[in-house]
Amino acid sequence: MAAEVLTEDLLRVSLERLAREVVKTHPQFDEMLAMRLMRTCGLVSDPVRAEYFRELGVLLTDLGRLYLAEADVLKGGTEQE
């Protein structure tokens, strides 16, 4: 139980930090990220929380792609993985 709580706390802190960084360059995502982060907190069932985490994960993946594309543009080309 303690490890589970610790993991959830660390995840939440990491998500909050990431959200703050994202909002610096993409302020339009502020409300959307805040709402999804709030849904990961509280006393909701695991299946409900799992869906919220999935939605947040998809959003963060999309944002990651935006940042990678912007980095490529700033470098003047595309990077191969």
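The subject of this paragraph is the overall build of the chain. In terms of regular secondary structure, the chain is built from 3 helices and 0 strands. Counted from the first residue to the last, the chain has its helices and strands arranged as α-α-α. Residues counted as buried form 17% of the 81 residues belonging to the chain. Taking all contacts inside the chain whose residues are at least 6 apart in sequence as the whole, residues at least 24 apart take part in 51%. A total accessible area of about 6,300 Å² is found for the chain, and carbon and sulfur atoms account for 61% of it.

The next point concerns helix 3 (residues 46-75). Helix length check: helix 3 (30 residues) gives 42 Å between terminal C-alpha atoms against 44 Å at 1.5 Å per residue, within 8%. For helix 3, the full list of buried residues reads Arg-49, Leu-56, Leu-59, Leu-63 and Asp-72. At the exit of helix 3 stands Gly-76, carrying a positive phi of roughly 90°.

Below, the discussion takes up the confidence of the model for the chain. Of all residues in the chain, 84% have pLDDT values of 70 or greater, and the mean over the chain is 78. Of all helices and strands in the chain, the one with the weakest mean pLDDT is helix 1 (residues 2-25) (75), whereas helix 3 scores best (86).

Along the chain, His-26 falls in the loop between helix 1 and helix 2 (30-39). Of the residues examined, His-26 reaches a relative accessible area of 17% and is grouped as buried. Engagement of the side chain of His-26 in a polar contact is seen with the side chain of Tyr-67, the distance being 3.2 Å. Every residue in contact with His-26, bar those within four places of it in the chain, is listed here: Leu-66 and Tyr-67.

Turning to the nonpolar core, a few remarks are in order. One finds Leu-15, Ala-19, Val-22, Phe-29, Leu-33, Leu-37, Leu-56, Leu-59 and Leu-63 forming the largest nonpolar core, which totals 9 residues. Looking at this core, the elements that each hand over two or more residues are helix 1, helix 2 and helix 3. Sequence-distant contacts of Leu-15, defined by excluding residues within four places in its chain, comprise Leu-37, Phe-53, Leu-56 and Leu-60.

Before going further, it helps to spend a moment on the packing of helix 2 against helix 3. Between two packed helices, the angle of one axis relative to the other and the distance separating the axes together describe the packing. As a packed pair, helix 2 and helix 3 sit with axes 9 Å apart at the nearest point and diverge in direction by 150°. Of the possible angle classes, the one that applies to helix 2 and helix 3 is roughly antiparallel. By crossing handedness, the relation of helix 2 to helix 3 is classed as left-handed. The segment helix 2 lies against helix 3, with Met-32, Leu-33, Arg-36, Leu-37 and Arg-39 engaging Arg-49, Tyr-52, Glu-55, Leu-56, Leu-59, Leu-60 and Leu-63.

Conventions adopted
- Residues numbered from 1 in each chain as written.
- Predicted model: local features only at pLDDT ≥ 70, side-chain atom pairs only at ≥ 80, totals over all residues.
- Heavy atoms only, no water.
- Helix = DSSP H or I, 4+ residues; strand = E, 2+ residues; numbered from the N terminus.
- Buried < 20%, exposed > 50% of the residue type's maximum accessible area, 1.4 Å probe, protein only.
- Contact = heavy atoms within 4.5 Å.
- Areas by Shrake-Rupley, 256 points an atom, 1.4 Å probe, with all protein chains shown as cover.
- Expected span 1.5 Å × (residues − 1).
- pLDDT = per-residue confidence, 0-100.
- Polar contact = N/O pair within 3.5 Å; in protein donor to acceptor, adjacent residues only side chain to side chain.
- Core = buried A, V, L, I, M, F, W, Y, C linked by side-chain atoms within 4.5 Å.
- Axes fitted to C-alpha atoms, helices over the stretch in contact; angles between N-to-C directions.
- Parallel < 35°, antiparallel > 145°, perpendicular 65-115°, else oblique.
- Left-handed = near helix turned anticlockwise from the far one by under 90°.

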